[in-house]
Amino acid sequence: MVEVAAERGKQLSSRVSEEGAGWKCQQIGSFKSLRPNDRSFSWLNPRTLWRSRNQILAGLFGDPSGQVRARWMESQQARGADPSLAIRPPVGDTFTFLLMGDPGEGDASQYAVVPGLLKLGEDTSFAVVASDVIYPTGSGNEYCDKFFRPYQAYGAPIYAVPGNHDWYDGLGGFMRVFCDAPPLKPAPDRGLRGLLWRKPEAIDEKALAEARKLRGAPSQQATQPAPYWVIETPSLLIVGVDTGIAGDLDKAQADWLRRTSLDPRPKVLVTGKPIYTRNDYKPSPLQGGGTIDDIVRDPAHRYVAAIGGDVHNYQRYPVRVGDRVIQYIVSGGGGAFMHATHTIRRVDVAGVHEDDFKCYPLRGDSLSFYSQLYAKRLRMKWLFLTPREASCIMSGQIGNTPVRPIEGPVTITRRMRWAARILGAWPFPLRLPVGTVFHRYLSELSDWDTPPFFKNFLHVSVTPDTLHIRCFGATGCLPQEIDPPMEDEVRIKLS
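Model, not experiment: these values are computed from the prediction.

Calculation criteria
Residues numbered from 1 in each chain as written. Predicted model: local features only at pLDDT ≥ 70, side-chain atom pairs only at ≥ 80, totals over all residues. Heavy atoms only, no water. pLDDT = per-residue confidence, 0-100. Contact = heavy atoms within 4.5 Å. Buried < 20%, exposed > 50% of the residue type's maximum accessible area, 1.4 Å probe, protein only. Helix = DSSP H or I, 4+ residues; strand = E, 2+ residues; numbered from the N terminus. Pairing = 2+ DSSP bridges. Polar contact = N/O pair within 3.5 Å; in protein donor to acceptor, adjacent residues only side chain to side chain. Salt bridge = Lys/Arg side-chain N within 4 Å of Asp/Glu carboxyl O. Axes fitted to C-alpha atoms, helices over the stretch in contact; angles between N-to-C directions. Phe/Tyr/Trp six-rings, centres within 6.5 Å; stacked < 30°, edge-to-face > 60°. Lys NZ or Arg CZ within 6 Å of the ring centre and 35° of its normal.

Caption draft 1: Here's a closer look at the confidence of the model for the chain. With 95% of its residues at a pLDDT of at least 70, the chain reaches an overall mean of 93. Confidence drops under pLDDT 50 across residues 1-9; counting only partners more than four residues distant or on other chains, this segment forms 22 contacts.

Caption draft 2: Quick peek at the pairing of strand 14 (residues 455-462). Most of strand 14 sits out of view: eight of its eight residues are buried. The side-chain alternation of strand 14 yields two buried faces, one formed by Lys455, Phe457, His459 and Ser461 and the other by Asn456, Leu458, Val460 and Val462. Where strand 2 (residues 95-100) lies against strand 14, five bridges are found, and the strand directions are antiparallel. Looking at strand 14, one finds that Phe95 is bridged to Val462. Where strand 14 lies against strand 15 (residues 466-474), eight bridges are found, and the strand directions are antiparallel. When the sheet's bridge partners are listed, Val460 is paired in strand 15 with Ile469.

Caption draft 3: Spotlight on the side chain of His468. By the secondary structure assignment, His468 is in strand 15. Judged by its relative accessible area of 3%, His468 falls in the buried class. Here the side chain of His468 touches Arg491 through a polar contact of 3.3 Å, side chain to side chain. Ignoring sequence-local partners within four residues, the contact set of His468 consists of His459, Val460, Ser461, Glu489, Val490 and Arg491.

Caption draft 4: Fine view of the pattern of salt bridges. Inspection of the entire model under this criterion finds 24 salt bridges. Of the charged contacts, one joins Arg51 and Glu201 as a salt bridge, the two residues approaching to 3.2 Å between their closest N and O atoms. Taken together, the residues Arg51 in helix 3 (residues 46-51) and Glu201 in the loop between helix 11 (192-196) and helix 12 (205-212) connect sequence positions 150 residues apart. The partner of Asp145 in a salt bridge is Arg149, with the nearest N and O atoms 2.7 Å apart. Under the relative-accessibility criterion, Arg149 is labelled partly exposed at 24%. Taken together, the shared-partner salt bridges in this structure form one network comprising Arg51, Glu142, Lys146, Asp169, Arg198 and Glu201.

Caption draft 5: Up close: the sheet that holds strand 4 (residues 158-161). In space, the six strands of this open sheet follow the order 4-3-2-14-15-16, with mixed pairing throughout. Strands at the two margins of the open sheet, each flanked by one partner only, are strand 4 and strand 16 (486-493). Taking each pair of neighbouring strands and ignoring which way they run, the sheet shows an average axis angle of 20°. Bridge analysis of strand 3 (residues 126-130) against strand 4 gives four bridges, and the strand direction is parallel. Among the inter-strand pairings, Ala130 is bridged to a residue of strand 4, identified as Val161.

Caption draft 6: Highlighting the side chain of Asp63. With respect to the helices, strands and loops of the structure, Asp63 is situated in the loop between helix 4 (54-61) and helix 5 (65-78). Looking at Asp63, its side chain comes within polar contact range of the side chain of Ser65, at 2.5 Å. A distance of 3.3 Å separates a polar atom in the side chain of Asp63 from the backbone nitrogen of Ile245. The contact partners of Asp63, leaving out residues within four places of it in the chain, are Ala58, Arg193, Gly244, Ile245, Ala246 and Asp248.

Caption draft 7: Looking closely at the packing of aromatic side chains. Inspection of the entire model under this criterion finds 28 aromatic pairs. When the centroid spacing of 5.9 Å and the interplanar angle of 70° are considered together, the rings of Phe147 and Tyr151 count as edge-to-face. Geometrically, the ring pair formed by Tyr276 and Tyr328 is edge-to-face, given 4.7 Å between the ring centres and 70° between the ring planes. You can see Tyr276 sitting in strand 8 (residues 276-277) and its partner Tyr328 sitting in strand 12 (residues 324-331), a full 52 residues away along the chain. Ring pairs connect the aromatic residues Trp23, Tyr360, Phe369, Tyr370, Trp448 and Phe454, which therefore count as one cluster. For the cation-ring pair, Lys267 lies above Tyr303, with the distance from its terminal atom to the ring centre recorded as 5.9 Å.

Caption draft 8: Focus on the environment of Gln67. When you line up the elements, Gln67 lands in helix 5. With relative accessibility at 48%, the residue Gln67 sits in the partly exposed group. Spatially, the C-alpha atoms of Gln67 and Leu362 are 40 Å apart, while their sequence positions differ by 295 residues.

Quick look at the structure:
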């Protein structure tokens, strides 16, 4: 099992060839047959944006996630939830599991991940979703085609930590599906926030019961105690935290995290918000003082990795903390639109060297794809950059050797540089923040339903001595569906 997963992807990776990146896609994969319909999910739809308004309201008037979470926890404790919030799967000291982030758009890009995930996940013990199970608002009425149907053939339990989009429904859908919790009684929220805030949807229980049948096998069943939890195994603790809408932890959760982190076993943190992303440090504050990363960095707590969703690509930052290295990973490419990687500048955060930083898609592939997308949408052919051209542009901008070997010479022209500037990959005159705008808004509005998709998931192998994390890509093309390409891997000593 472990050996088979380790051997996959070495010949088809985007780091080896353009074919491995999905650029020369001769045959689309079988994922299309898994979809119930051909409907697309679009962030250009005004109704989708309006339903997601709680993100903006939380920024303007404060994030109520902490208060609502406290009510959910009170309800769970009244129902007899274990105060430790522990999940104890029947595994030994050697096992494997899957991790994917931000999957739930229900469109082609989500379903394109499924075949490779099923292939590599056949013998895994469980899977974990890190952030944003359901878009756009976490509604319990949308779980059928965005959760139960795509993963109906995955034979093991699936656990999750919620993302900000799951909170746009007051966490009602998430708690009903993953914790089997009844809905909370409405609580008054006076003022302008309460007037404009999107209220949770009433769940169609009959439809949800039918959807659950898609994952109705005994081996698939699991009920987690809360939106945050710890998976306890003999070799490793997997600690999942709920970062709400704004990214902070309420006092009760922070106190629980401190207590849980005192366990002497090695640990991996799974969080809805990554601590390092886009060469920035975002440690997530704790109510009462300190940050999540303060707990992760404490050597007494023995965290070896911190994995977050929310950002829809793959990034890895090996950060040296004293005499050890903690792997900080972004894994949010499980199905939603792709956040650009070509807007990530040369990495130097926390002393991480650019050559030690890893990302998927490669910056050149990200730039090339968006150049082709906007050349078509805006009818501006001069924006078009081939993968070779884009790779060379990014190499010149970042100051490194192209990750994928480039055949033949490439001359960078003024036209190419201006195309890169428009797309946020090359500095703009007057230091205009084009890259930030591109990442925050234009990526979100640029979803697509044809390969290559540049999605990813993680396959994690655990032994008493070693944690082996592999990032596998999903392009939507048949060759990569048959043999999922391994885009990155890291081995971490646990002993």
